[in-house]
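The residues making up each chain are set out below.
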Amino acid sequence: MTTGLSDIELGEPGEAAAGAGAAPLSTPPKARPSLAGLSTWVGEEIERQGERWTLWSPVAFGCGAGLYFALLREPQAWVGFAGVAVAAAVLLGASRWSRVRALTALLVLLACGLGGFSMAKLRTEGAKAPVAGVDTKPQRLEGWVVDIVSPGQGGPRLLIAPYRIADRAPAATPIRVRVTLRGGYLPAPGEPIRLLAVINTPPQPASPGSYDFARDAFFQSVGGVGFALGPVQTWYPPDLPPARLRLTMRINALRWALTRRIVDTLGIQSGGLAAAMTTGHDAFIPKDQVNDLRAAGLAHIISISGLHMAIVGGFVFAIARFGIAAWPWLALRAPGKKVAAALALASVLAYLVLSGWPPPAERSAVTAAVAFGAILVDRQAISLHALALAALVVLFLQPEAVTQPGFQMSFAATAALVALAEVWRHPVREINTPWPIKILQGFWTWTLAGAAASFVAGTATGPFAMQDFNRVSTWGLISNMVTEPISGFLMMPGLAIGAVLAPFGLGKWPLEVAGFAIDLMNRVAHIAATAPYAQINVASGPNWSLPAAFLGLLWLCLWKGRLRWLGLPLALAVNLAPKPPIPDIWVDGAGSAVAVHAGKDAILFRPDVKLFGAELWARRRGLVPQENEAVRDASYDCDHWSCTPLATAPVKVAAAWNMKRPLKDGRFAQMCGSSEVVILRNDEAPDACSGPLVLTGADFARGGSAELFRESATQWRIVWAQDARGRRPWTWGPDPR
């Protein structure tokens, strides 16, 4: 290592040639580090990067898109077009000063940042569509079933393309709505239906600063969500749906038919998970299986993503290349590797269509297409440059992906694995090694590589699991190591072959092999889920900690040399950053559900109402939601319509959620006299209530969900969800400012 100026003094030449009797030379003192030496060393580390600075292009693009989504006010449309023009001008300037590498790199990264911000704005402008308002009145909905989507807590859900919603004008009718059914007949995709439903705007965040599901709905053109009040009825449309919609529904109908065939062949216990991994329909997975997979750290199996695409594409690539090599005539006349890559690419695209092209599958298909496309043009398939290109393509097409945990976890894990492959020492291939020794060596190498890959991928996705899902699966590493060969060699190949042969009536035996593998996986998941300390609940860190951890992980993966370890403190930001203070009270956006902080628990006033949102808030704050009414009744006096605090209550808060009928005599006076905070779902308080802080339905309609922090004996600080969301196209309600 270059150390700059040295203070070592050399003697005269004659002294160096002293005879044997001369005194030995003294040990020269160590060179002291200097600022100039440090600067030279840093410069050498930067020079070592070579062309790796191009790997930061998608990072800069993603930072620009992330900055756009972090804004509280929506910029004007002209900002997007102007940003694209400025980015193009900066790129042109970079090409003119290409001889100065540092300046070129800075200009290109600046252009990528501007491009990310601008493309996110233009994507938002292109995604704008009608959104249903806040309305509790039943409405007659007529339309076509586009798909069967993931079931909610209330039951199965349909994605519907409306033809008419009550008396709404066509220009004000949402493009898609999502409706939860209450049992009864479940129509197939493509069927025209009529039903009576309550349709509202997409849900807002469960608590201030938490994940915004309405933003995802906005970019998926889902302008309303609701629930059916009666059975599904047959409807005879006066017109045909658009051609593109007809094609989509026809594909989804084939997917649904294949789903039912898989479930009928394997049964609910195995077929539900098999169908989810083949067609993307997870409506038949038993709830206990989902809970076990989550607790075991295997929930990623359910969502079709990079793992599934890699297994299917890799399986087809290996089979095709082996088949070509086994046929000498064809092997001499066709480039086997490129033909196999083309067939694998086609299989990935076919699997994308079969899965219903959900966003995670689309991103994974782009990554696989870049990898197999690299083989077709004689480039290295698995490299950080290929991954950077895939990320740049995904962000260009879907800038909103930068806000989604699936994208973040997928590319963080993939970048970590590719970086591991870069530094992994490949074993030397011996000549004429006996096959028993070769098998033993191969098994040991595979086991070590699998353990390292699982550890690295799990570590890379850990910050996102803690921040977004607030769960740490203690036995997740072991579970993934055990199930990796099961899914790679039995389950996914069996499902792939079975799905291809099922229309011809020949898919039973491959599906049964896949069902056997799924049963093994479920056993592993159940053992891990019931083991001691299977899951640890972790509170979310500050909002800045996850972006810092993401950038730190990318620095560790993309930088080459010893300076890469500068990213380690940032990568651990979610783990090391102090947790935000826990609110004393949480209220949902309708004022109908309340929870209070009591030690390590969250006491729910109405465990059967808005449970999903209450659990999300409790886990995000590191609390355990108490759904047992006996725990609540020990501190609060609750009836069917209200709760008032007892002397043992940890927080003196009262709530009433009656909308139409009045409270019983003296109940409201009791609430006001015994509480510091009174929460009412109605728009106005029935009587004057002096002393406590009173929040009504009008407050929640304006501010959304809320968290209340005690500042002093008489002062409360309120944080509203709408203030954190700002005024964006996917938010609703009056201006929070």
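It should be noted that the structure appears before, not after, this text.
Described in the following lines is the structure provided in the data block.

### Concerning helix α12 (residues 336-354)
Moving on, step 1. Between its first and last C-alpha, α12 extends 27 Å over 19 residues, near the 27 Å set by a 1.5 Å rise per residue.
Moving on, step 2. Buried within α12 we find Gly336, Ala340, Ala341, Ala344, Leu345, Ser347, Val348, Tyr351 and Leu352. Within α12, the buried residues cover an arc of 165° as seen down the axis, which keeps them to one side.
Moving on, step 3. At the exit of α12 stands Gly356, carrying a positive phi of roughly 85°.

### Re helix α22 (residues 611-620)
Note on helix geometry: an α-helix contains 3.6 residues per turn, so any two residues three or four positions apart are oriented the same way.
Moving on, step 1. Most of α22 sits inside the fold, with eight of its ten residues counted as buried.
Moving on, step 2. Where α22 terminates, the next one or two residues include Gly622, which has phi positive at roughly 75°.

### Remarks on the sheet that holds strand β10 (residues 594-598)
Sheets are built from strands that pair by backbone hydrogen bonding, the pairs being arranged parallel or antiparallel.
Moving on, step 1. Reading across from one edge, β12-β11-β10-β9-β18-β19 is the order of the six strands in this open sheet, with mixed pairing throughout. The open sheet terminates on both sides in strands that have one partner only, identified here as β12 (624-626) and β19 (716-720). Here the average twist between neighbouring strands, direction ignored, is 25°.
Moving on, step 2. Bridge count for strand β11 (residues 601-604) against β12 is three bridges, and the pairing is parallel. Counted as the bridge partner of Ala602 is Pro625 from β12.
Moving on, step 3. Most of the contacts of α22 go to β11, to which it runs at about 160°, and overall it touches β9 (585-587), β10, β11, β12 and β18 (706-710).

### Considering the pairing of β19
Moving on, step 1. The pairing of β18 with β19 spans five bridges and is antiparallel. Pairing of Glu707 across the sheet is with Val719, part of β19.

### Focus: the pairing of strand β3 (residues 176-180)
Taken residue by residue, a regular strand's side chains alternate between the two faces of the sheet.
Moving on, step 1. Most of β3 sits out of view: four of its five residues are buried.
Moving on, step 2. Pairing analysis gives four bridges linking strand β2 (residues 155-165) to β3, with the strands arranged antiparallel. Across the sheet, Leu159 pairs through a bridge with Arg178, a residue of β3.
Moving on, step 3. When β3 meets strand β5 (residues 222-228), the two strands line up parallel, connected through five bridges. Bridging across to β5, Thr180 finds its partner in Phe227.

### Comments concerning the packing of helix α4 (residues 77-96) against helix α5 (residues 101-127)
How two helices sit against one another is set out by the angle between their axes and by the gap between those axes.
Moving on, step 1. Contact geometry for α4 and α5: axes closest at 8 Å, N-to-C directions at 160°. Classified by the interaxial angle, the pair formed by α4 and α5 is roughly antiparallel. Here the hand of the crossing between α4 and α5 comes out left-handed.
Moving on, step 2. Classifying every residue of the contact of α4 with α5 gives 17 nonpolar, six polar and two charged.

### Re the nonpolar core
Moving on, step 1. Counting residues in hydrophobic clusters, the biggest one holds 65 residues, and the most contacted among them are Leu195 and Phe372.
Moving on, step 2. Each residue touching Phe372, except ones within four places of it in the same chain, is listed here: Gly313, Gly314, Phe317, Ala341, Ala344, Leu345 and Val348.
Moving on, step 3. Listed in part, the 38 residues of the second largest apolar core include Ala87, Val90, Cys112 and Val394.

### A look at the sheet that holds strand β14 (residues 642-645)
Moving on, step 1. Taking strand neighbours across the sheet as the criterion, the five strands line up as β13-β14-β15-β16-β17 in an open arrangement whose pairing is mixed. At either end of the open sheet lies a strand with only one pairing partner, and these are β13 (636-638) and β17 (693-695). If you compare each strand with its neighbour and ignore which way they point, the axes differ by 15° on average.
Moving on, step 2. Where helix α24 (residues 667-674) meets the sheet, it contacts β13, β14, β15 (653-656) and β16 (677-680), and its direction lies at approximately 35° from that of β14.

### A short note on the packing of aromatic side chains
Moving on, step 1. Under the counting rule described, the total for this entry stands at 22 aromatic pairs.
Moving on, step 2. When the centroid spacing of 4.7 Å and the interplanar angle of 45° are considered together, the rings of Phe407 and Phe411 count as tilted. Here Phe411 and Phe407 lie together in helix α15 (residues 405-423), a separation of four residues that amounts to about one turn. Each member of the pair Phe407 and Phe411 is classed as buried.
Moving on, step 3. Here the aromatic cluster, defined as three or more aromatic residues joined through ring pairs, consists of Tyr68, Phe69, Phe117, Phe218, Phe219 and Trp730.
Moving on, step 4. Over the aromatic face of Tyr211 sits the side chain of Arg215, whose NZ or CZ is 5.8 Å from the ring centroid.

### Quick look at the environment of Thr279
Moving on, step 1. With respect to the helices and strands, the residue Thr279 is situated in helix α8 (residues 268-279).
Moving on, step 2. What makes Thr279 buried here is its relative accessible area of 0%.
Moving on, step 3. Separated by 408 residues in sequence, Thr279 and Asp687 have C-alpha atoms that sit 56 Å apart.
Moving on, step 4. Residues contacting Thr279, with those up to four places away along its chain left out, are Arg255, Leu258, Thr259, Ile304, Leu354, Ser355 and Gly356.
Moving on, step 5. Reaching out from Thr279, the side chain makes a polar contact with the side chain of Thr259 at a distance of 2.6 Å.

### Focus on the state of the cysteines
Moving on, step 1. On inspection of all chains with the given rule, the structure shows one disulfide.
Moving on, step 2. Shown here is the disulfide that connects Cys638 with Cys643, its sulfur atoms set 1.9 Å apart. Handedness of the Cys638-Cys643 disulfide follows from its S-S torsion of about 115°: it is right-handed.
Moving on, step 3. Looking at Cys638, the relative accessible area reads 17%, which means it is buried.
Moving on, step 4. Cysteine Cys63 remains unbridged, with the sulfur of Cys112 as its closest cysteine sulfur at 11 Å.
Moving on, step 5. Looking at Cys63, the relative accessible area reads 41%, which means it is partly exposed.

### Concerning the pattern of salt bridges
Moving on, step 1. Considering all chains together, one arrives at 19 salt bridges under this definition.
Moving on, step 2. Among the ionic pairs, Lys121 bridges to Glu125, the shortest N-O distance being 2.6 Å. Highlighted residues: Lys121 and Glu125, both in helix α5, separated by four residues, approximately one helical turn.
Moving on, step 3. Judged by its relative accessible area of 1%, Lys121 falls in the buried class.

### Notes on the side chain of Asp584
Moving on, step 1. Among the structural elements, Asp584 can be located in the loop between α21 (573-576) and β9.
Moving on, step 2. A polar side-chain atom of Asp584 sits 2.9 Å from the main-chain amide nitrogen of Arg710.
Moving on, step 3. Setting aside residues up to four positions removed in sequence, Asp584 forms contacts with Ala595, Val596, His597, Val651, Leu708, Phe709, Arg710 and Trp716.

What counts and how
Residues numbered from 1 in each chain as written. Predicted model: local features only at pLDDT ≥ 70, side-chain atom pairs only at ≥ 80, totals over all residues. Heavy atoms only, no water. Helix = DSSP H or I, 4+ residues; strand = E, 2+ residues; numbered from the N terminus. Expected span 1.5 Å × (residues − 1). Buried < 20%, exposed > 50% of the residue type's maximum accessible area, 1.4 Å probe, protein only. Arc of directions from axis to C-beta. Pairing = 2+ DSSP bridges. Axes fitted to C-alpha atoms, helices over the stretch in contact; angles between N-to-C directions. Contact = heavy atoms within 4.5 Å. Parallel < 35°, antiparallel > 145°, perpendicular 65-115°, else oblique. Left-handed = near helix turned anticlockwise from the far one by under 90°. Nonpolar A, V, L, I, M, F, W, Y, C, P; charged D, E, K, R; others polar. Core = buried A, V, L, I, M, F, W, Y, C linked by side-chain atoms within 4.5 Å. Phe/Tyr/Trp six-rings, centres within 6.5 Å; stacked < 30°, edge-to-face > 60°. Lys NZ or Arg CZ within 6 Å of the ring centre and 35° of its normal. Polar contact = N/O pair within 3.5 Å; in protein donor to acceptor, adjacent residues only side chain to side chain. Disulfide = S-S within 2.5 Å. Salt bridge = Lys/Arg side-chain N within 4 Å of Asp/Glu carboxyl O.

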